[in-house]
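Overview (structure and organization)
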Amino acid sequence: MKTLQNLIDGQWADSRGEIFLDLVNPATEEVIARHPAGSPEDVETAVAAAIAAQPAWAATPVAERAQRITAWADAVAAHADELVELECREMGKPLGIGRTFLDGAVAGLRAAAEEALSYDFERTVVRPDGARTRILRHPLGATAVITPWNFPVTAVLAAIGPLLASGNTVVVKPSERGPLSVVRLLELADMAPGVVNLVLGDARAGTPLAEHEQIRLVHFTGSVATGKRVGAAAGLRLHRAVLELGGKDPVVVDAGVDPVATARAVAFGAFINTGQICTSMERVYVHCDVAEPFVEALVAAAEGFTVGNGLDDGVMLGPLVDRRQRDLVARHVEDAVHKGAKVRTGGGVPEGKGFFYPPTVLTDVDDSMLVMTEETFGPIAPVVVVDSFEEGLERAARSKYGLAATVYTADPDHIDASARIPAGVTWINQWQGGGPERLYEPAGDSGMGATGARAAFDAATRPASMHIPAATA
Ligand code: NAD
C-alpha cells in the first residue's frame, strides 16, 4: 500500500506526524493509499522552505518564471489521462468530465504564465513637471494554497499560476479527501527546491498553515465554515485571504423557453460531477407556463444518466466522494420529504458497494427545507414553480450565498433584470462559460476577493510607489 509523502524543499519525505489515514475509492470502498493526517512540524518545515526559496524565485526574470509555469502546464497536459484516472479513483469523478475540467485548468495555467508577461510589475508615470512616480508590484512572499476535493488538480492549478508567476513561493495543502492526484501533479512540476511545496493532511495541517505568522496570503477554496476560520486567522495576522467558498446557486427558467431543451441543460448543471461543483444548480425556479413539460423532461434527463464507477465506459455520474457526503445528501432529501416535498425520481440510498446516490428531482419544496437553504453538494434538483419571472428572480435572490446564478429567458428585458440576483457570475441561457476577461467577486457568504486574470495578479502582489522629483537625474 502506497503511503503518500510531502514535498518539502524539493525532497519527497515522510510526514513527521504519527497519524495516517486511509484513502478510500468511493466507487468500490477499497483502500487505495495511506496518507498523513498532517502535523504542525511538516507545516513548519514547508513554510521555512518556501521562505528560503522566495528571494531567488522573485529575482528570477518574469519570462523565466512564466516559462517554468508553461513547462509545468505542458507536463500536466502530457499526463492528463493519468491525473484524471487518479482523481476518479480517489473521489469518483468520471474520466470524461474530469478530462474536460482538467483541460480547462491547464489552459488557465498557461493563461496565467502569459498574463505575467504583460502584467505591470513596474510602471512609471511622468507628471508634466518631469517628476516621476514608479509603481512597483512586489510579490508577497511565502503563500499557501488550500484546496477542496471536488476538483483536486483543477483547484490547485486555478490558484497557483498567478501566485508563482508574481514571484511568490507556495505551500500547497490539498484536501485529505483527494490527495493522490495532487501528489502526482507536484511530481510533474520542475521548479527550484522550495518554490512549490506540498503538505498533506486535514485540518491538522490546514490550521497551522492558515495561522502561520509568515504566510503572507492564503488562497483558500472550500466550505463557508472553514473559509470563515481561514479569513479570521488572516485578519488576526493582517495577512491576505482569497476565499472561494460554497454556493446554493439558483436557476430561473422563464416562460417562453423551450422546456425540454432547458430541462436537459438544467439536468447537466444540477447533476454533473454528482452535484459536487461549487456552481452546481441547487435551486430551480420555473415559470408556471412551462413547469409541467419542464419537470417531466428534467425527470427523464435524470433517469437517462448512467450512474456507476467513473472508470467504466458510458458512466456520466460517479459516486459521492465518501460516506459522510452521501449521508449529508440523504439527510437533506429526508428533511425535505418529511416537510412535504415530493420525490419525482431518485431519492434513497441504493444497495451495494460504493457511495452512490441517484439523480433526484424534488417538487413541492419551500424555504423551510435544508435542500433550499444549505449547500447540498449532491445530485439533487429541488424545483419551485413560480407565477412570474419577477417572483423567480426575487426568490433566487433570497440566499445567504452568492456564487453564481443561471437564467434561461428569451426576453431581453429579463436578461437585464437578471443582474439583480446577487452573484459573482450570472450565466444567461447557458451554464458555465465566459472568456478570460471575466472578473467577479462572490456575493454574501460565497467568498471574498476578486477572481479574474488581472485581479489574481493584483491579489498576489503588493503595490508600492516611489516618487522621484524632476530635479533628480
Ligand atoms: P472544507 O472546507 O471541508 O475543506 C477545504 C480544505 O480546507 C481542505 O483542504 C481541508 O483539509 C482544509 N481545512 C479543513 N479545516 C481547516 C482549517 N481549520 N484551517 C485551514 N484549512 C482547513 O471543504 P471541502 O468539503 O473540501 O470542499 C467542498 C466545498 O468547497 C464546498 O462548499 C464547495 O462549494 C467549495 N468549493 C468552492 C469553490 C469555489 O471556487 N468557490 C470551488 C470548489 C469547491
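1. Notes on the overall build of the protein chain
Within the protein chain one finds 15 helices and 20 strands. The globule rule puts the C-alpha radius of gyration for 473 residues at 23 Å, and the 23 Å found for the protein chain is close to it. In terms of principal-axis extent, the alpha carbons of the protein chain reach across some 75 × 65 × 40 Å. Within the protein chain, the proportion of its 473 residues that are buried is 55%. Partitioning the intrachain contacts of the protein chain with sequence separation of at least 6 by distance along the chain shows that 74% fall at a separation of at least 24. Only carbon and sulfur atoms are counted for the fraction: they give 53% of the accessible area of the protein chain, which is about 19,000 Å².

2. Details of the pairing of strand 15 (residues 360–363)
With burial as the criterion, each face of strand 15 is covered, one bearing T360 and L362 and the other bearing V361 and T363. Across three bridges, strand 14 (residues 342–345) lies against strand 15 in antiparallel orientation. Across the sheet, T345 pairs through a bridge with V361, a residue of strand 15. Bridge count for strand 15 against strand 16 (residues 380–386) is three bridges, and the pairing is parallel.

3. A closer look at the site of the ligand
Around the ligand sit 27 residues, and of these T147, K173, E176, S223 and E375 come closest. Measuring from a nitrogen atom of the ligand, one finds a backbone N or O atom of L245 at 2.8 Å. For the ligand, an oxygen atom lies 2.5 Å from a polar atom in the side chain of E375. Here the ligand, which alone exposes 860 Å², has 88% of that area covered by the protein. Secondary-structure elements contributing two or more residues to the shell around the ligand are helix 7 (203–210), strand 10 (217–221) and helix 8 (224–237). Considering only residue class, the shell around the ligand consists of 11 nonpolar, 10 polar and six charged. A domain-level breakdown of the shell around the ligand finds at least three residues from each of domain 1 (2–245 + 446–466) and domain 2 (249–428).

4. Topic: the packing of aromatic side chains
Counted according to the given criterion, the structure contains seven aromatic pairs. On the numbers, 4.6 Å between centres and 45 degrees between planes, the contact of F101 with F151 is tilted. Of this pair, F101 sits in helix 4 (residues 95–118) while F151 sits in the loop between strand 7 (142–146) and helix 5 (152–165); the two residues are 50 residues apart in sequence, bridging distant segments of the chain. Given the relative accessible area of 9%, F151 is considered buried. Between W149 and F377, the ring centres sit 5.5 Å apart and the planes meet at 80 degrees, which makes this aromatic pair edge-to-face. With W149 in the loop between strand 7 and helix 5 and F377 in the loop between helix 12 (370–373) and strand 16, this pair connects stretches of sequence that are 228 residues apart. Just as W149 is buried, F377 falls in that class too. Among the aromatic residues, ring-to-ring pairing joins Y119, F121 and F457 into one connected group. The ring of F20 is capped by R34, whose NZ or CZ atom sits 4.5 Å from the centre of that ring.

5. Description of the state of the cysteines
Inspection of the entire model under this criterion finds zero disulfides. Just so you know, C278 is unpaired, no disulfide at all, and the nearest cysteine sulfur is the one on C88, 20 Å from it.

6. Focus on the confidence of the model for the protein chain
Residues with a pLDDT of 70 or more make up 100% of the protein chain, whose mean pLDDT is 97. Averaged pLDDT values for the elements of the protein chain fall to 94 in helix 15 (residues 453–460) and rise to 99 in strand 8 (residues 169–173).

7. Some words on the side chain of R177
Structurally, R177 is set in the loop between strand 8 and helix 6 (180–187). Taking relative accessible area as the criterion, R177 reaches 14% and is therefore assigned buried. Reaching out from R177, the side chain makes a polar contact with the side chain of D322 at a distance of 2.8 Å. Leave out the neighbours within four places in its chain, and R177 touches L23, E90, M91, W149, V321, D322, R324 and Q325.

8. A closer look at the packing of helix 3 (residues 80–91) against helix 6
Viewed as axis vectors pointing N to C, helix 3 and helix 6 meet at an angle of 160 degrees, and their least axial separation amounts to 8 Å. Of the possible angle classes, the one that applies to helix 3 and helix 6 is roughly antiparallel. Each of E82, L83, L86, E87 and E90 in helix 3 lies in contact with helix 6, whose residues at this interface are L180, S181, R184 and L185. Of the residues contributing to the contact of helix 3 with helix 6, the split by class is four nonpolar, one polar and four charged.

9. Let's talk about the sheet that holds strand 6 (residues 132–139)
Strand order in the open sheet formed by three strands is 5-6-20, with antiparallel pairing between adjacent strands. The sheet is open, and its two borders are formed by strand 5 (122–126) and strand 20 (461–468), each paired with just one other strand. Averaged over all pairs of adjacent strands, the angle between strand axes in this sheet comes to 20 degrees, irrespective of strand direction. Across the sheet, helix 15 lies against strand 6 and strand 20, angled at about 75 degrees from strand 20, the strand it touches most.

Conventions and cut-offs
Residues numbered from 1 in each chain as written. Predicted model: local features only at pLDDT ≥ 70, side-chain atom pairs only at ≥ 80, totals over all residues. Heavy atoms only, no water. Helix = DSSP H or I, 4+ residues; strand = E, 2+ residues; numbered from the N terminus. Rg over C-alpha atoms; globule rule 2.2 N^0.38 Å. Buried < 20%, exposed > 50% of the residue type's maximum accessible area, 1.4 Å probe, protein only. Contact = heavy atoms within 4.5 Å. Areas by Shrake-Rupley, 256 points an atom, 1.4 Å probe, with all protein chains shown as cover. Pairing = 2+ DSSP bridges. Near = heavy atom within 4 Å. Polar contact = N/O pair within 3.5 Å; in protein donor to acceptor, adjacent residues only side chain to side chain. Nonpolar A, V, L, I, M, F, W, Y, C, P; charged D, E, K, R; others polar. Domains from an automatic or database assignment. Phe/Tyr/Trp six-rings, centres within 6.5 Å; stacked < 30°, edge-to-face > 60°. Lys NZ or Arg CZ within 6 Å of the ring centre and 35° of its normal. Disulfide = S-S within 2.5 Å. pLDDT = per-residue confidence, 0-100. Axes fitted to C-alpha atoms, helices over the stretch in contact; angles between N-to-C directions. Parallel < 35°, antiparallel > 145°, perpendicular 65-115°, else oblique.

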